[in-house]
Amino acid sequence: MTIKLKNINKVFDDKIILKDINLSFEDNRISCIVGPSGCGKTTLLNIILGILKADCGEVEGRNGRRIAAVFQEDRLCEEFTAYANLKLVCDDKDSDKVIHEHLEHVDLKEVAFQKVSYLSGGMKRRVAIVRAVIAKSDIIIMDEPFKGLDEKTKVKVIDYVKRYTKEKIVIITTHNLDEINMLKATLVQM
């Protein structure tokens, strides 16, 4: 199923942020939204998520589908461990094994039981990405998810995202064309 945005418009304080946006995002595909700072990428993601309401237009294909997100801020439970933050979105009997495997893929297995408040910014970012990936969702929305990661870690995390999101709609904002190429993503220009 496809997510379709039809004639999306959004105005804040008499400033037009989004005007007549018509886009579609396909199943089993990573799409990267690019555009200059302030062009409305985050606003558009928030409309897709249902956090913001468009002034006019509609989002089709979202109803009844589960959505996971990585925001520009990590939005983790700081006093919980990395493991506990991930456990919040797991409901399988195999969740312990799954959590440890996923943490290992992004080089965080050693810090699984440390409080998030003690982790570096890059480590927190990886926990937030893993949480979105392992959540039972059909759609994953990520707002500049690889920002703040060193190049070696970024390559590893991008490989992880590609590997574990093959059967989902993934929508990512970025300013980095190398990330789009590494993700083998469809480019969506704003």
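This is a predicted model, so every value here is computed, not measured.

Rules of the game
- Residues numbered from 1 in each chain as written.
- Predicted model: local features only at pLDDT ≥ 70, side-chain atom pairs only at ≥ 80, totals over all residues.
- Heavy atoms only, no water.
- Axes fitted to C-alpha atoms, helices over the stretch in contact; angles between N-to-C directions.
- Helix = DSSP H or I, 4+ residues; strand = E, 2+ residues; numbered from the N terminus.
- Parallel < 35°, antiparallel > 145°, perpendicular 65-115°, else oblique.
- Contact = heavy atoms within 4.5 Å.
- Nonpolar A, V, L, I, M, F, W, Y, C, P; charged D, E, K, R; others polar.
- Pairing = 2+ DSSP bridges.
- Buried < 20%, exposed > 50% of the residue type's maximum accessible area, 1.4 Å probe, protein only.
- Arc of directions from axis to C-beta.
- Core = buried A, V, L, I, M, F, W, Y, C linked by side-chain atoms within 4.5 Å.
- Disulfide = S-S within 2.5 Å.

A. Broad picture of the packing of helix 4 (residues 121-134) against helix 5 (residues 151-164). At a minimum axis separation of 10 Å, helix 4 and helix 5 run at an interaxial angle of 10°. Looking at the two axes, helix 4 sits roughly parallel to helix 5. Where helix 4 abuts helix 5, its residues Arg-126, Ile-129, Val-130, Val-133 and Ile-134 lie against Thr-153, Val-157, Tyr-160, Val-161 and Tyr-164. The class makeup of the residues in the contact of helix 4 with helix 5 is eight nonpolar, one polar and one charged.

B. How the structure looks around the sheet that holds strand 1 (residues 3-12). An order of 2-1-4 is seen for the three strands of this open sheet, with the pairing classed as antiparallel. The open sheet has two free edges, formed respectively by strand 2 (15-25) and strand 4 (56-60), since each of these has just one partner strand. Across the sheet, the mean angle from the axis of one strand to that of its neighbour is 20°, orientation sign disregarded. As paired elements, strand 1 and strand 2 share seven bridges and run antiparallel to each other. Bridged to Lys-10 within strand 2 is Leu-18.

C. Local environment of helix 3 (residues 95-105). Buried within helix 3 are the following residues: Ser-95, Ile-99, His-102 and Leu-103. Buried residues of helix 3, seen end-on, are gathered within an arc of 100° and therefore sit on one face of the element. If you follow the buried residues of helix 3, they end up packed against helix 2 (82-87), helix 4 and helix 5. Immediately downstream of helix 3, the backbone of Asp-107 shows phi near 60°, a positive value.

D. Examining the environment of Asp-96 more closely. Looking at the secondary structure, you find Asp-96 in helix 3. Residue class for Asp-96 comes out partly exposed when judged on its relative accessible area of 40%. The contact partners of Asp-96, leaving out residues within four places of it in the chain, are Tyr-83 and Lys-87.

E. Highlighting the nonpolar core. Counting residues in hydrophobic clusters, the biggest one holds 39 residues, and the most contacted among them are Ile-129, Met-142, Phe-146, Tyr-160, Val-161, Ile-172 and Leu-183. The leading source of residues in this core is helix 4, at seven residues. If near-sequence neighbours (up to four positions away) are discounted, Leu-183 is found in contact with Ile-30, Cys-32, Phe-146, Ile-158, Val-161, Lys-162 and Ile-172. Counting residues in each nonpolar core, the second largest holds 19 residues, with Ile-139, Ile-141, Ile-169 and Val-188 among its members.

F. Looking closely at the state of the cysteines. By the definition in use, this model includes zero disulfides. Considering cysteine sulfurs only, Cys-39 is the nearest to Cys-32, which forms no disulfide, with 14 Å between them. The class for Cys-39 is buried, based on a relative accessible area of 17%.

Everything listed here is a matter of coordinates, which is why it stays silent on function.
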